[in-house]
Amino acid sequence: MDRLLFLLATGIARGAIFALFALALVLIWRAARIVNFSQGAMAVVATYVAFAVTAFTGSYWAGLASALVAGAVLGYVVERGVMRFAPRDSPLSGVIIAIGVVMVLQSALGIAFGQQYRPMAAPFDQSPIIIGGVPVLSPYDVFVLVLAVGVMAGLALLFTRTSLGLQLRASAFAPEVSRLLGVRVSRMLTIGWMLAAAVGALAALLLVPTELGLNPHSADMLFVYAFTVAVVGGLDSPVGALVGGLIVGVAISLVTGYLGSTVAPIAVLVLLVAVLLVRPGGIFSAREARVA
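Remember, predicted model here, so these are calculated numbers, not experimental data.

(A) Highlighting empty space enclosed by the protein. In total, this model carries 1 cavity of 30 Å³ or more according to the counting rule given. Estimated volume of the largest cavity: approximately 40 Å³. Around the largest cavity sit Ala32, Ile34, Glu79, Met83, Arg84, Arg88, Leu189 and Trp193, which together line it. Residue classes in the lining of the largest cavity are distributed as 5 nonpolar, no polar and 3 charged.

Quick look at the structure:
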């Protein structure tokens with residue numbers, strides 16, 4: 001029972017990171033109807049910026065802030081400089097361009113920094129807290145959970161309680177009508193990409209200290225798991241990203257703890273196939289398909 005409680009707690013913490021990254025994928029999908037396969041590579045670039053800033057200043061918080069800024073700037077550059085020119089009549093073109101961005105970014109990082117893993121220190125202790133003789137979340141896990149919940153709550157307030165959020169949602173769901181009402185849809189699309197890239201960068205930055213370290217491919221598996229989360233929850237549903245993240249995080253933790261880490265990717269694939277067979281649009285997908 002002690003082991004089960006520990007695995008559940010760590011699974012929830014890891015699931016929060018998956019949920020954040022999946023939310024970044026959902027934001028871009030809702031805005032542009034594109035699965036951004038370059039999200040992981042973009043997040044790693046921002047994490048390298050955070051690594052350099054932290055090493056220079058000695059402050060983790062300066063590095064975290066720089067990762068968010070770098071992610072937003074990179075989102076702006078990719079959307080304005082590359083994705084905006086993808087033909088709208090072919091959904092596959094955006095995917096191909098995104099894969100090209102992945103190759104360029106990962107190759108550039110490999111040339112600049114090499115393929116070796118660079119350890120990143122966490123701002124808090126990663127040893128689990130013992131409560132009643134049962135190891136549960138570490139201080140770093142608690143930090144991840146609080147930060148993830150705070151970011152999700154902030155985005156929820158942005159999209160539901162602000163004029164900017166209303167314009168972002170209107171531009172995604174009814175771009176032509178929004179243009180007629182004076183909304184600058186292209187600007188809203190760019191802001192959506194910037195928000196998504198910043199959130200993705202935060203997720204990668206939170207994950208790297210718990211893994212082998214930072215290298216150009218550090219976010220590859222994060223993207224795979226987060227994409228599964230987004231599909232399981234529903235690519236149109238931010239709530240689905242949250243719930244799906246917790247489901248996948250706990251599933252990976254339990255499978256890794258009882259069956260080994262090599263079985264975890266297979267378990268995620270089985271979960272993905274099962275959800276697609278029962279509900280192809282995802283658990284929280286809308287009943288009717290939206291026409292963008």
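(B) Molecular detail of the pattern of salt bridges. Scanning the model with the defined rule gives 4 salt bridges in all. A salt bridge links Glu211 to Arg14, with the shortest nitrogen-to-oxygen separation between them at 3.1 Å. Placement of Glu211 in the loop between helix 8 (185-207) and helix 9 (220-233) and of Arg14 in helix 1 (residues 2-32) is noted, with a sequence separation of 197 residues between them. What makes Glu211 partly exposed here is its relative accessible area of 40%. Residue Glu79 pairs with Arg84 through a salt bridge whose shortest N-O separation is 3.2 Å. What makes Glu79 buried here is its relative accessible area of 1%.

(C) Looking closely at the nonpolar core. With 76 residues, the main nonpolar core has Leu20, Phe21, Leu206 and Leu222 as its most contacted residues. In this structure Leu222 touches Ile17, Phe18, Phe21, Ala203, Ala204 and Leu207, once residues within four positions along its chain are discounted.

(D) Molecular detail of a nonpolar patch on the surface. A cluster of nonpolar residues, Val69, Val73, Tyr76 and Val77, forms a patch on the protein surface that exposes about 360 Å² of accessible area. The topology assignment puts Val69 in helix 3 (residues 60-81).

(E) Fine view of the environment of Ala16. Counting through the fold element by element, Ala16 comes out in helix 1. According to the relative accessible area criterion, Ala16 is buried, its value standing at 5%. In the structure, Ala16 is positioned 131 residues away from Leu147 in sequence and 9.3 Å away in space, judged by C-alpha atoms. Leave out the neighbours within four places in its chain, and Ala16 touches Leu145, Ala148, Met152 and Leu246.

Thresholds applied
- Here the residue numbering is sequential within each chain, running from 1 through the sequence in written order.
- It should be noted that, the model being predicted, local features are given only for residues of pLDDT at least 70 and side-chain atom pairs only at 80 or more, the latter also being counted only at that level, while totals for whole chains, interfaces and linings use all residues.
- To get the side-chain values, take all heavy atoms of the structure and skip hydrogens and water.
- Grid points spaced at 1 Å over the protein atoms alone were grouped into cavities, where a 1.4 Å probe fits but cannot get out, and pockets, open sets with protein on both sides within 12 Å along at least five of seven lines, with lining residues defined by an atom within 4 Å of a point.
- Grid points are joined across faces, edges and corners, and a volume is the space filled by probe spheres set on the points.
- As a working rule, the residues Ala, Val, Leu, Ile, Met, Phe, Trp, Tyr, Cys and Pro are called nonpolar, Asp, Glu, Lys and Arg charged, and the rest polar, with Gly in that last group.
- Put simply, a salt bridge is a Lys or Arg side-chain nitrogen that is within 4 Å of an Asp or Glu carboxyl oxygen.
- Put simply, DSSP H or I for four residues or longer makes a helix, DSSP E for two residues or longer makes a strand, and each gets a number counted from the N terminus.
- Here's how the labels work: a residue is buried when its accessible area is under 20% of the maximum for its type, exposed when over 50%, partly exposed in between, all with a 1.4 Å probe on protein chains only.
- Nonpolar cores are built from buried Ala, Val, Leu, Ile, Met, Phe, Trp, Tyr and Cys residues. Side-chain atoms within 4.5 Å join them into one set.
- The criterion used for residue contact is that any of the two residues' heavy atoms lie within 4.5 Å.
- Patch membership is restricted to residues that have no salt bridge and whose relative accessible area is over 30%. Joining uses 9 Å for like charges and 5 Å for the nonpolar side chains Val, Leu, Ile, Met, Phe, Trp and Tyr.
- Each accessible area value is a Shrake-Rupley result obtained with a 1.4 Å probe; residue values ignore everything except the protein chains displayed when judging cover.

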